Amino acid sequence: PKSTIMPDILYWLGLIENQSHTLYLYSLGDLYLKQCVLEYPKSKVARKCYQSYYDSIIFGFTGSMGTNIPDDLKKDLDTLKNLIEK
């Protein structure tokens, strides 16, 4: 729904979903967080959405060999960061 609290809703849905499903590399929670940034880049919560999404990606692609984020996800993170920094 169109609402002024929609960015907050997406943020909290993303956090809750990511906390309850830690076994997936890319989850519904990540999609909520990404959508928060894409649709509401100027909202107060967009930076928190981006940071939570970024942290989730880093966690998902870090192992004993270090962090190995695929190039397409790196580009995605850069695009999202640019949206919130404009």
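Our subject is the structure that appears above.
Residues numbered from 1 in each chain as written. Predicted model: local features only at pLDDT ≥ 70, side-chain atom pairs only at ≥ 80, totals over all residues. Heavy atoms only, no water.

Draft legend 1. Molecular detail of the overall build of the protein chain. Within the protein chain one finds four helices and two strands. Along its sequence from the N terminus, the protein chain presents helices and strands in the succession α-α-α-β-β-α. Computed over the C-alpha atoms, the radius of gyration of the protein chain is 13 Å, within 12% of the 12 Å expected from 2.2 N^0.38 for a compact globule of 86 residues. The principal-axis extent of the C-alpha atoms belonging to the protein chain is close to 45 × 30 × 15 Å. Here the protein chain holds 86 residues, and the buried ones make up 35% of them. (Helix = DSSP H or I, 4+ residues; strand = E, 2+ residues; numbered from the N terminus. Rg over C-alpha atoms; globule rule 2.2 N^0.38 Å. Buried < 20%, exposed > 50% of the residue type's maximum accessible area, 1.4 Å probe, protein only.)

Draft legend 2. Representation of the state of the cysteines within the structure. Within the structure shown, the criterion is met by one disulfide. Across a sulfur-sulfur distance of 2.2 Å, Cys36 and Cys49 are joined as a disulfide pair. Every disulfide takes its handedness from the sign of the S-S torsion; for Cys36 and Cys49 that torsion is 75 degrees, giving right-handed. Linking Cys36 in helix H2 (residues 28-39) with Cys49 in helix H3 (residues 46-60), this pair joins segments that are 13 residues apart in sequence. Like Cys49, Cys36 is buried. (Disulfide = S-S within 2.5 Å.)

Draft legend 3. Main features of the packing of H2 against helix H4 (residues 71-85). One can describe the packing of H2 onto H4 by two numbers: an axis separation of 9 Å at closest approach and a directional angle of 45 degrees. Put simply, H2 runs oblique to H4. When the axes of H2 and H4 are compared, the crossing they make is left-handed. Residues Lys34, Val37 and Leu38 of H2 form the contact with H4, whose own contacting residues are Asp76, Leu80, Leu83 and Ile84. Its residues assigned to classes, the contact of H2 with H4 comprises five nonpolar, no polar and two charged. (Axes fitted to C-alpha atoms, helices over the stretch in contact; angles between N-to-C directions. Parallel < 35°, antiparallel > 145°, perpendicular 65-115°, else oblique. Left-handed = near helix turned anticlockwise from the far one by under 90°. Contact = heavy atoms within 4.5 Å. Nonpolar A, V, L, I, M, F, W, Y, C, P; charged D, E, K, R; others polar.)

Draft legend 4. Structural view of H3. With 15 residues, H3 should reach 21 Å at 1.5 Å per residue; the first-to-last C-alpha distance of 21 Å fits that figure. All buried positions along H3 are accounted for by Ala46, Cys49, Tyr50, Ser52, Tyr53, Ser56 and Ile57. The buried residues of H3 occupy an angular sector of 165 degrees when the element is viewed end-on, so they sit on one face. Contact partners of the buried residues in H3: helix H1 (6-20), H2 and H4. (Expected span 1.5 Å × (residues − 1). Arc of directions from axis to C-beta.)

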